[in-house]
Protein chains: 2
Amino acid sequence: MDRVDEEILRLLKQNGRMTSSEISKRVHLSVPAVAERIRKLEDSGMIERFTVRLNREQTGLHLLAFIMVELERPEHIVGFRERILATDSVLECHHMAGSYDYLLKVALPGTRELEQLISQTIKQIEGVAKTNTMIVLSTMKEEM
Amino acid sequence: MDRVDEEILRLLKQNGRMTSSEISKRVHLSVPAVAERIRKLEDSGMIERFTVRLNREQTGLHLLAFIMVELERPEHIVGFRERILATDSVLECHHMAGSYDYLLKVALPGTRELEQLISQTIKQIEGVAKTNTMIVLSTMKEEM
DNA sequence: CTTGAAAGCGTTGCAGG
DNA sequence: CCTGCAACGCTTTCAAG
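- An unreviewed UniProt entry lists chain A under the name Lrp/AsnC family transcriptional regulator, with Brevibacillus brevis given as the organism.

Structure (structure tokens):
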């Protein structure tokens, strides 16, 4: 991992389909050298995968929210975890330090679906004692 | 946007470098038809960009945190916004409804850098009245 | 939407430096 | 790490159905 690798990663973040020959022009390395570096970045796990970034609005998910969850006892974690992983509208789930145990980031079509998610899914999970939902009004930055 | 487009997007999310010919085998469409659909998904903005997903741990960012920020008055928004957009360690910045005005998601090497970010950057921004930091212990799901 | 053919481009592998 | 060459695969574009 040197400066060149970092530059390659930066370019691939901007355009995951940038070809080795295009990259080679920008980092002043030969095509085979660039291809080799990308292969190594993949093998080492530094690059988890090539993917595509979608426009959430255009996919009909107009509502973004964060839900803080308090779990009663540690024995409920497994069931909670399973349920959350199976729920597509939950984009993120973090175990937190602090007053709440989990923080969820969810994307949904609207408030109707959010209400459903909270009352029909999350609050139905065994051990969920309390939730606190924060609605996103607008997003000025969102990266990985 | 029909079922086939959705399937193509699903495949590209898993592997952004999947070729049209590979996709064509899975969705039972000809190669030119698949290529045309991908081009339209890009043109329409549904696909924002092809990108790469990196392993955050391997990039040395071992600490993930959420910081809630309260801003004193609306006139400070512009300066706040500029500062935040220029700060690489801030992955996300959302304008929120509720007791806090903004929610930041930040990734850093460790607590030292977090302390610096909070006291040297965020709290130095004009108008920032209060912050509340929540540390992530572990992440069980993180998508876009 | 399909197939088929032709042309162009990028990659991959192997040489030798 | 480099260059050069050759082989292969994929994309793109076109015509025709």
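From this point, things continue past the structure.
## Digging into the protein's contact with DNA strand D
Item 1. Every residue near DNA strand D is listed here: Leu29(A), Ser30(A), Ala33(A), Arg37(A), Thr19(B), Ser20(B), Ser21(B) and Ala35(B).
Item 2. Between Ser30(A) and DNA strand D, the recorded distance is 2.7 Å, taken from a side-chain N or O atom to a phosphate oxygen.
Item 3. One nitrogen or oxygen atom from the side chain of Ser21(B) is found 3.2 Å from a phosphate oxygen belonging to DNA strand D.
Item 4. For the surface near DNA strand D, the elements supplying multiple residues, two or more each, are α3 (31–43) of chain A together with α2 (20–27) of chain B.

## What to know about the interface of chain B and chain A
Item 1. Contact residues are listed per partner, giving 53 residues for chain B and 53 residues for chain A.
Item 2. Across the interface of chain B and chain A, roughly 5700 Å² is buried in total on both sides, 57% from carbon and sulfur atoms.
Item 3. Our count for the contact surface shared by chain B and chain A stands at four salt bridges.
Item 4. Between Glu92(B) and Lys105(A) there is a salt bridge, and its shortest N-O distance comes to 2.9 Å.
Item 5. Sorting the residues of the side of chain B that touches chain A by element identifies α1 (3–14), β1 (47–54), β2 (63–71), α4 (77–85), β3 (90–96), β4 (102–108) and β5 (128–142) of chain B as the ones contributing at least two each.
Item 6. Looking at which element gives the most residues to the side of chain B that touches chain A, the answer is β5(B), with nine residues.

## Some thoughts on helix α5 (residues 111–122) of chain A
All names here are of chain A.
Item 1. Turning to α5, its buried residues number three or more, namely Leu 114, Leu 117, Ile 118, Thr 121 and Ile 122. Each buried residue of α5 sits inside an arc of 120° when the element is viewed along its axis, so together they form one side. Residues of α5 that are exposed and point over 90 degrees away from its buried face: Arg 112, Glu 115 and Gln 116.
Item 2. Elements that come into contact with the buried residues of α5 comprise β2 (63–71), α4 (77–85), β4 (102–108) and β5 (128–142).

## Digging into the packing of α1(B) against helix α3 (residues 31–43) of chain B
All names here are of chain B.
Item 1. Between α1 and α3, whose axes approach to 11 Å, the crossing angle comes to 80°. Classified by the angle between their axes, α1 and α3 sit roughly perpendicular to one another. Touching Val 4, Asp 5, Ile 8, Leu 9 and Leu 12 of α1 are Val 34, Arg 37, Ile 38 and Leu 41, all from α3.
Item 2. For the contact of α1 with α3, the class distribution of residues is seven nonpolar, no polar and two charged.

## Digging into the relation of the copies chain B and chain A
Item 1. Each copy of the sequence occupies a distinct position, and chain B is placed on chain A by a rotation of 180° and an axial shift of 0.1 Å, giving an RMSD of 0.1 Å. Interpreted geometrically, this transformation is the action of a two-fold axis. Minimal C-alpha distance to the rotation axis in chain B is attained by Thr51(B), lying at 2.7 Å.
Item 2. A share of 100% of the interface residues of chain B reappears at the interface of chain A, consistent with the copies meeting face to face through the same patch.

## Some thoughts on the environment of Asp2(A)
All names here are of chain A.
Item 1. Assignment of secondary structure puts Asp 2 in the segment before α1 (3–14).
Item 2. Within the structure, Asp 2 has its side chain in polar contact with the backbone nitrogen of Val 4 (distance 3.2 Å).
Item 3. At 3.0 Å, the side chain of Asp 2 and the side chain of Arg 37 are in polar contact.

## Concerning the pattern of salt bridges
Item 1. Under the defined criterion, the tally for this structure stands at 24 salt bridges over all chains.
Item 2. Notably, a salt bridge pairs Lys40(B) with Glu36(B), separated by 3.7 Å at the nearest N-O pair. Note that Lys40(B) and Glu36(B) are positioned in helix α3 at a spacing of four residues, about one turn of the helix.
Item 3. Via salt bridges that share partners, Arg56(A), Glu92(A), Lys105(A), Glu142(A), Arg56(B), Glu92(B), Lys105(B) and Glu142(B) belong to a single interconnected network.

## Re unusual backbone geometry
Item 1. Although it is not a glycine, His28(A) adopts a positive phi angle of roughly 60°.
Item 2. Looking at where His28(A) falls in the secondary structure, it is placed in the loop between α2 (20–27) and α3.

## Considerations on the sheet that holds β3(B)
Item 1. Pairing within the closed barrel is antiparallel, and its eight strands lie in the order β2(A)-β4(A)-β3(A)-β5(B)-β2(B)-β4(B)-β3(B)-β5(A). Taken pair by pair, the neighbouring strands of this sheet meet at an average axis angle of 35°, ignoring direction.
Item 2. In this structure, β2(A) lies alongside β5(A), joined through seven bridges in antiparallel fashion. Bridge pairing in β5(A) places Ile67(A) opposite Thr133(A).
Item 3. Its contacts with the sheet place α4(A) against β2, β3 (90–96), β4 and β5 of chain A together with β5 of chain B, and it is angled at close to 90° to β5(B).

Each value, and the rule that gives it
- Residues numbered from 1 in each chain as written.
- Chains lettered and ligands numbered in written order.
- Predicted model: local features only at pLDDT ≥ 70, side-chain atom pairs only at ≥ 80, totals over all residues.
- Heavy atoms only, no water.
- Near = heavy atom within 4 Å.
- Polar contact = N/O pair within 3.5 Å; in protein donor to acceptor, adjacent residues only side chain to side chain.
- Helix = DSSP H or I, 4+ residues; strand = E, 2+ residues; numbered from the N terminus.
- Contact = heavy atoms within 4.5 Å.
- Buried area = accessible area lost by both parts, 1.4 Å probe.
- Salt bridge = Lys/Arg side-chain N within 4 Å of Asp/Glu carboxyl O.
- Buried < 20%, exposed > 50% of the residue type's maximum accessible area, 1.4 Å probe, protein only.
- Arc of directions from axis to C-beta.
- Axes fitted to C-alpha atoms, helices over the stretch in contact; angles between N-to-C directions.
- Parallel < 35°, antiparallel > 145°, perpendicular 65-115°, else oblique.
- Nonpolar A, V, L, I, M, F, W, Y, C, P; charged D, E, K, R; others polar.
- Least-squares fit on C-alpha atoms with pLDDT ≥ 70 in both.
- Pairing = 2+ DSSP bridges.

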